[in-house]
Amino acid sequence: MLRFLILLGSLFSFYSAISQAEFGWGVEAYPNFSHRRLIAQTTVPREEIRALEALETGRLSYTAGLFGQWRGQRAGFQTGLRFMETGYRTIRTNISPDDEPPQGAEQKREIFRNLNLEIPAELQFFQKMDEKNHFFFMLGLSLAFNLSNYQETAFYTGESRQVRREKAGNDNFTRIHYSFQSGMGWEHRISEGLSIIVQPAFQFWPTALLKDTEVNRNLYSYGLRLGVKWR
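Keep in mind that what you see is a predicted model, and the values were worked out from it rather than measured.

**Thoughts on the overall build of the protein chain**
Move 1: Across its full length, the protein chain holds two helices and eleven strands.
Move 2: Moving toward the C terminus, one meets the helices and strands of the protein chain in the order α-β-α-β-β-β-β-β-β-β-β-β-β.
Move 3: With the C-alpha coordinates aligned to their principal axes, the bounding extent of the protein chain is approximately 65 × 40 × 25 Å.
Move 4: Across the 231 residues in the protein chain, those meeting the buried criterion constitute 43%.
Move 5: Long-range contacts, defined as pairs at least 24 residues apart, comprise 72% of the intrachain contacts of the protein chain with a sequence gap of at least 6.
Move 6: On the protein chain, roughly 12600 Å² of surface is accessible, and the fraction owed to carbon and sulfur atoms is 59%.

**Some remarks on unusual backbone geometry**
Move 1: Even without glycine at this site, E100 takes up a positive phi of about 50°.
Move 2: Exposure remark for E100: the relative accessible area of 61% places this residue in the exposed category.
Move 3: For D212, which is not glycine, the phi torsion reads 45° and is therefore positive.
Move 4: When you line up the elements, D212 lands in the loop between β10 (194–204) and β11 (215–230).

**What about a nonpolar patch on the surface?**
Move 1: Taken together, Y62, L81, F83, L117, I119, L143, F145, L147 and I176 make up a surface patch of nonpolar side chains, about 760 Å² in accessible area.
Move 2: If you list the elements that add at least two residues to the nonpolar patch, you get β4 (75–90), β6 (107–128) and β7 (133–157).
Move 3: The element best represented in the nonpolar patch is β7, accounting for three residues.
Move 4: Assignment of secondary structure puts L81 in strand β4.

**Some remarks on the pairing of strand β9 (residues 176–191)**
Move 1: The pairing of β7 with β9 spans 13 bridges and is classified as antiparallel. Its bridge partner lying in β9, G140 is registered against Q181.
Move 2: Both β9 and β10 contribute to a ladder of nine bridges, which runs antiparallel. Bridge pairing in β10 places S191 opposite L194.
Move 3: Taking the residues that link successive antiparallel strands as the turn, the β9-β10 hairpin has two residues.

**Section: the packing of aromatic side chains**
Move 1: Counted according to the given criterion, the structure contains nine aromatic pairs.
Move 2: The structure contains a cluster of three or more aromatic residues connected by ring pairs, namely F23, W70 and F77.
Move 3: A cation sits over an aromatic face here: R92 above Y156, 3.7 Å from the ring centre.
Move 4: Directly above the aromatic system of Y150 lies the positively charged group of R165, at a separation of 3.9 Å from the ring centroid.

**Remarks on the pattern of salt bridges**
Move 1: Tallied over the full model, the rule gives 18 salt bridges.
Move 2: Taking the shortest distance from any N to any O, the salt bridge between E28 and R82 comes out at 2.6 Å. Of this pair, E28 sits in strand β1 (residues 22–40) while R82 sits in strand β4, and the two are 54 residues apart along the sequence. With respect to class, E28 is no different from R82; both count as buried.
Move 3: The shortest N-O distance in the salt bridge between R82 and E122 comes to 2.7 Å. Taken together, the positions of R82 in strand β4 and E122 in strand β6 put the pair 40 residues apart, joining distant regions of the chain. We note that R82, like E122, is buried.
Move 4: Taken together, the shared-partner salt bridges connect E28, R82, E118, E122 and R225 into one network.

Definitions and limits used
- For every chain, the first residue of the written sequence is number 1, and numbering continues from 1 along that sequence.
- This being a predicted model, a pLDDT of at least 70 is required before a residue's local features are given, and a value of 80 or more before pairs of side-chain atoms are given or counted; all residues contribute to the totals for chains, interfaces and linings.
- The side-chain quantities take in all heavy atoms of the structure and omit both hydrogens and water.
- Strands here are runs of E lasting at least two residues and helices are runs of H or I lasting at least four, both read from the DSSP assignment and numbered beginning at the N terminus.
- Working definition: with a 1.4 Å probe on protein chains only, accessible area under 20% of the residue-type maximum means buried, over 50% means exposed, and in between means partly exposed.
- Any two residues whose heavy atoms approach within 4.5 Å are treated as being in contact.
- Under the convention used here, a 1.4 Å probe and the Shrake-Rupley method define accessible areas, while residue burial counts only the protein chains that appear.
- Two joining distances apply to patches: 9 Å for like charges and 5 Å for nonpolar side chains (Val, Leu, Ile, Met, Phe, Trp, Tyr), and every residue must have over 30% relative accessible area and no salt bridge.
- By salt bridge we mean one thing: a side-chain nitrogen of Lys or Arg within 4 Å of a carboxyl oxygen of Asp or Glu.
- By the convention used here, strands pair only if DSSP detects at least 2 bridges between them.
- In this analysis, rings of Phe, Tyr and Trp, with Trp reduced to its six-membered ring, are considered paired at centre separations within 6.5 Å, and the interplanar angle assigns stacked below 30 degrees, edge-to-face beyond 60, and tilted for intermediate values.
- We call a charge positioned above a ring when the Lys NZ or Arg CZ atom is no farther than 6 Å from the ring centre and deviates by at most 35 degrees from the ring normal.

This is the structure:
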């Protein structure tokens, strides 16, 4: 946490240095592939860890929101507010007697969804390609507040599926998260006041998903951030 506070202070110092820079605002979407890194205490048997590693996999997720950007000639600072839907899932497995599946169901899949409200703080470094195109590198942090969490069970009958959804109690989940993120992108100016942004990005959450458990997880994602900016 101390390291995070130091980095956050550096970001705001950088913001102060460019406070007279050009301001722009926009909307963005981040379709991504989210996954988890397994964390297990030494008391957990290796066989159980191997089974979980084989069982759990990633899934498609998304983030969307608004941003504000202060930009100089070569550097910028960006923040905003994002809604994030993330998580992971299991592979398909055979139905067990305890599942109480719909009639005809043969397989199932567990899907874990985590809904967060995120505030990013990003440094951006620009390299001019021509008058309308700029390449940039992004490095940043973000804070997120966990809103709610869901566990879905998808039952498969052939290729058709039926989903049961259950809201998980927030008490077992960490409420405040922080992440590191990076990416490289391209900004294209369509007109004097309008630009589009395309940015492959990666995000990793060092804070554990759950509280006080022998088996825990860190979430991460990689995908393509798309934005439209006005100034």
